[in-house]
Amino acid sequence: MQEERSSYREIMKATSLFGGVQVFNIIISIIRSKIIAVLLGPAGMGIVGLLTSTTGLVSSLTNFGLGTSAVRDIAAANESGNQNRINKVVTVFRRLVWITGLLGAVITFILAPWLSQLTFGNNEYTVAFMWLSVTLLFKQLTSGQNVMLQGMRKLKYLAMANMLGSAIGLVVSAPLYYYYHIDGIVPAIILTALFLLGITWYFSRKINIDRIAVSPQEAIFEGKGMLKMGFMLNLSGLITVGASYIVRIFISNTGSLEDVGLYNAGFAIIGTYVGLVFAAMSTDYYPRLSGVSDDNQKATSLINQQAEIALLILAPILTIFIIFVNWAVIVLYSTKFVPVNEMIRWAALGMYFKAVSWSIAFIFLAKGASKLFFWNELIGNVYTLGFNLLGYYLFGLKGLGISFLISFALYFLQVFFLVKNKYEFSFNSKFYKIFGIQLSMGILCFLITMFVPNPWNYFVGLPFILISLWFSYIELDKRMDLKGILNNYRKK
């Protein structure tokens, strides 16, 4: 019991820590965008966006997904407690990071004239891309240091590195934009990448890793799994991006550019402000699951714990979104974006299924089942794309929200039965209780917004929000003595 309570506390602690980091990074991002908009204007903002997105695309094609795939290997080595094993895995990983970083830099440098022509329609930015090629090396090395911190579960160091990196990046770039305007864009990007590397290097040096001699044969053997999984991750990511692109083109051709903007805004709310909980959780969850992935019983226990905590944290937020989505849209955007409200409500119901399926699907990454991961994601992307196109064609923006709900309900069943048959996974009774009650609260809030007119729906929906909050508090208290933690915090 004590071990289980400790596990729940670790999940909650990591979520709280990196939830705060995510919020901080969002605030810094908003400030940075505002500074660029004021000092550089729309044209300068466009140049920054095109330069960073183009180099980002090259990076995604050359980094072999090591920023995700290698976490599993380092976490598993760390869990073994064998220092020699840790040293070997990290040594091989560092070599791969340097090789892939240099590959991205060289390709960007050589293809600079073509990238300039493709991106801007002229050769004026050839020199800019040549200079920016070095950032692909810096960013890959930075990613490598972050992977080490995550895999070794040095979460405080990782959080501090992320926050300091965001803040210093803003401090470095703002004066360059102020004094040099558009001419300061490239130096700002390079210096920001360099400072980020310096910060992550400083924190990663706190980990005791010895450099050891690794033969080419050993390096190939150890690195093959990282590269294979990383390649599948990149391929899956490209398919997801491609499917999203097709949806936007379909909306633009079938509907209007205004609907494309509304679609982007609606899913930005769901993806950024609700999805940050997933990002916060995955930072600790992925390496922990990787560490126990060889034991199906321990993996099942951890997946159940993660799914429970994900629902208990997200469900009250989702009920608030469903009832007060109109105010959320107006505050975050403007009254012009109100037509997206119904889409967000349907999509919010889909988030209950996404939270659970997300918790399960990490097992493919943790076990290094690259082919299974790829086919699972490919099949999910295919029917999601089909439902998106059909949904928009039949019901407009609302249809995209309905598609989100149906797709993730199907994806939940898909990953559940796949993992059940492959790895003997099952949910416990505690999970079904939480899922049933919280989903019921979400559905009731949804029905209230459908059938109770404004402003009465706020008053009728508020009790169900409070029930969801109270139930989450009670269940979290059972798992980690939340009341005792809060009392200790007040005393301090």
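Located above this text is the structure these notes cover.
Quick look at the structure, then. (Residues numbered from 1 in each chain as written. Predicted model: local features only at pLDDT ≥ 70, side-chain atom pairs only at ≥ 80, totals over all residues. Heavy atoms only, no water.)

1. Focus on the overall build of the protein chain
If you tally the helices and strands in the protein chain, you get 17 helices and zero strands. Taking all 492 residues of the protein chain together, 51% fall into the buried category. Nonlocal contacts in the protein chain, meaning residues at least 24 apart in sequence, comprise 82% of its contacts between residues at least 6 apart. Accessible surface, the protein chain: about 23,200 Å² in total, of which carbon and sulfur atoms supply 66%. (Helix = DSSP H or I, 4+ residues; strand = E, 2+ residues; numbered from the N terminus. Buried < 20%, exposed > 50% of the residue type's maximum accessible area, 1.4 Å probe, protein only. Contact = heavy atoms within 4.5 Å. Areas by Shrake-Rupley, 256 points an atom, 1.4 Å probe, with all protein chains shown as cover.)

2. Some thoughts on the packing of aromatic side chains
Tallied over the entire structure, the rule returns 30 aromatic pairs. Summarising the aromatic geometry, the rings of Y383 and F387 are spaced 6.4 Å apart at their centres and angled 65 degrees between planes, so their arrangement reads as edge-to-face. Of this pair, Y383 and F387 are both found in helix α13 (residues 370-395), four residues apart, which corresponds to roughly one turn of the helix. What links up through ring pairs into an aromatic cluster is the set F353, F412, F416, F417, F425, F427, F431, Y432 and F435. (Phe/Tyr/Trp six-rings, centres within 6.5 Å; stacked < 30°, edge-to-face > 60°.)

3. Some words on the nonpolar core
Counting 136 residues, the largest nonpolar core has F93, L289, I360 and F427 as the members making the most contacts within it. Sorting elements by how many residues they give to this core places helix α12 (residues 341-367) first, with 19 residues. If we ignore the near neighbours within four places in the chain, the residues touching I360 are I303, F412, V415, F416, V419, F425 and F427. (Core = buried A, V, L, I, M, F, W, Y, C linked by side-chain atoms within 4.5 Å.)

4. Considerations on a nonpolar patch on the surface
Among the surface-exposed residues, V106, F109, I110, L111, W114 and L118 lie close enough to one another that they form a single nonpolar patch of about 630 Å² accessible area. At the level of elements, α3 (83-110) and α4 (112-120) are the ones that each hand at least two residues to the nonpolar patch. The dominant element in the nonpolar patch, judged by the number of residues it contributes, is α3, at three residues. For I110, the location among the structural elements is in helix α3. A relative accessible area of 58% places I110 in the exposed class. (Patch = residues over 30% accessible without salt bridge, like charges linked within 9 Å, V, L, I, M, F, W, Y side chains within 5 Å. Salt bridge = Lys/Arg side-chain N within 4 Å of Asp/Glu carboxyl O.)

5. A short note on α4
Taken residue by residue, α4 has A112, L115, S116, T119 and F120 as its buried positions. The arc that holds the buried residues of α4, viewed along the axis, is 100 degrees, so those residues lie on one side. Pointing more than 90 degrees away from the buried face of α4 are the exposed residues W114 and L118. Of the residues trailing α4, G121 is marked for its positive phi of about 80 degrees. (Arc of directions from axis to C-beta.)

6. Quick look at the side chain of T108
Positionally, T108 belongs in helix α3. Residue T108 is classed as buried on the basis of its relative accessible area, which comes to 0%. Among all residues touching T108, those that are not within four sequence positions of it are V58, L115, F129, S133 and L136.

7. With respect to helix α15 (residues 429-451)
In this model, α15 (23 residues) spans 33 Å end to end at C-alpha, consistent with the 33 Å of a helix rising 1.5 Å per residue. Turning to α15, its buried residues number three or more, namely F431, I434, F435, Q438, L439, M441, G442, C445, F446, I448 and T449. Two to three positions downstream of the cap, the backbone nitrogen of K430 sits 3.2 Å from a side-chain oxygen, assigning the N-cap of α15 to N428. (Expected span 1.5 Å × (residues − 1). Polar contact = N/O pair within 3.5 Å; in protein donor to acceptor, adjacent residues only side chain to side chain.)

8. With respect to the side chain of S403
Note on placement: S403 falls in helix α14 (residues 397-423). What makes S403 buried here is its relative accessible area of 2%. Ignoring any residue separated from it by four or fewer positions in sequence, one finds S403 in contact with T384, F387 and N388.

9. Quick word on the environment of M351
For M351, the location among the structural elements is in helix α12. Residues M351 and L311, spaced 40 residues apart in sequence, show a C-alpha to C-alpha distance of 9.5 Å.

10. Some thoughts on the pattern of salt bridges
All told, the structure shown has two salt bridges when counted by the stated rule. Residue K433 pairs with E475 through a salt bridge whose shortest N-O separation is 3.5 Å. Separated by 42 residues along the polypeptide, K433 in helix α15 and E475 in helix α16 (residues 456-480) bring together distant segments of the chain. Owing to a relative accessible area of 41%, K433 belongs among the partly exposed residues under this scheme. E475 sits in the buried class, given a relative accessible area of 4%. One salt bridge connects K478 with E475, and the closest N-O pair in it is separated by 3.2 Å. Taken together, the residues K478 and E475, both in helix α16 and three residues apart, mark about one turn of the helix. Residues participating in the shared-partner salt-bridge network are K433, E475 and K478.

11. Description of unusual backbone geometry
P455 follows N454 through a cis peptide bond whose omega is -5 degrees. Assignment of secondary structure puts P455 in the loop between α15 and α16. Look at F64: it is not a glycine, yet its phi comes out positive at around 55 degrees. On the secondary structure map, F64 appears in the loop between α1 (2-62) and α2 (66-80). Owing to a relative accessible area of 28%, F64 belongs among the partly exposed residues under this scheme. Its identity is not glycine, yet H181 carries a phi of approximately 55 degrees, on the positive side.

12. A short note on the packing of helix α5 (residues 126-151) against helix α7 (residues 185-204)
Geometry of a packed helix pair, given as the angle between the helix axes and the separation of the axes. Close contact between α5 and α7 brings their axes to 9 Å; oriented N to C, the two are set at 20 degrees. Classed by the angle they form, the pair α5 and α7 counts as roughly parallel. Between α5 and α7 lies a crossing whose hand is left-handed. Contacts between α5 and α7 pair A128, W131, L132, V134, T135, F138, K139, L141, T142, Q145, N146 and L149 from the former with V186, I189, I190, A193, L194, L196, L197, T200, W201, F203 and S204 from the latter. Grouping the constituent residues of the contact of α5 with α7 by class yields 16 nonpolar, six polar and one charged. (Axes fitted to C-alpha atoms, helices over the stretch in contact; angles between N-to-C directions. Parallel < 35°, antiparallel > 145°, perpendicular 65-115°, else oblique. Left-handed = near helix turned anticlockwise from the far one by under 90°. Nonpolar A, V, L, I, M, F, W, Y, C, P; charged D, E, K, R; others polar.)

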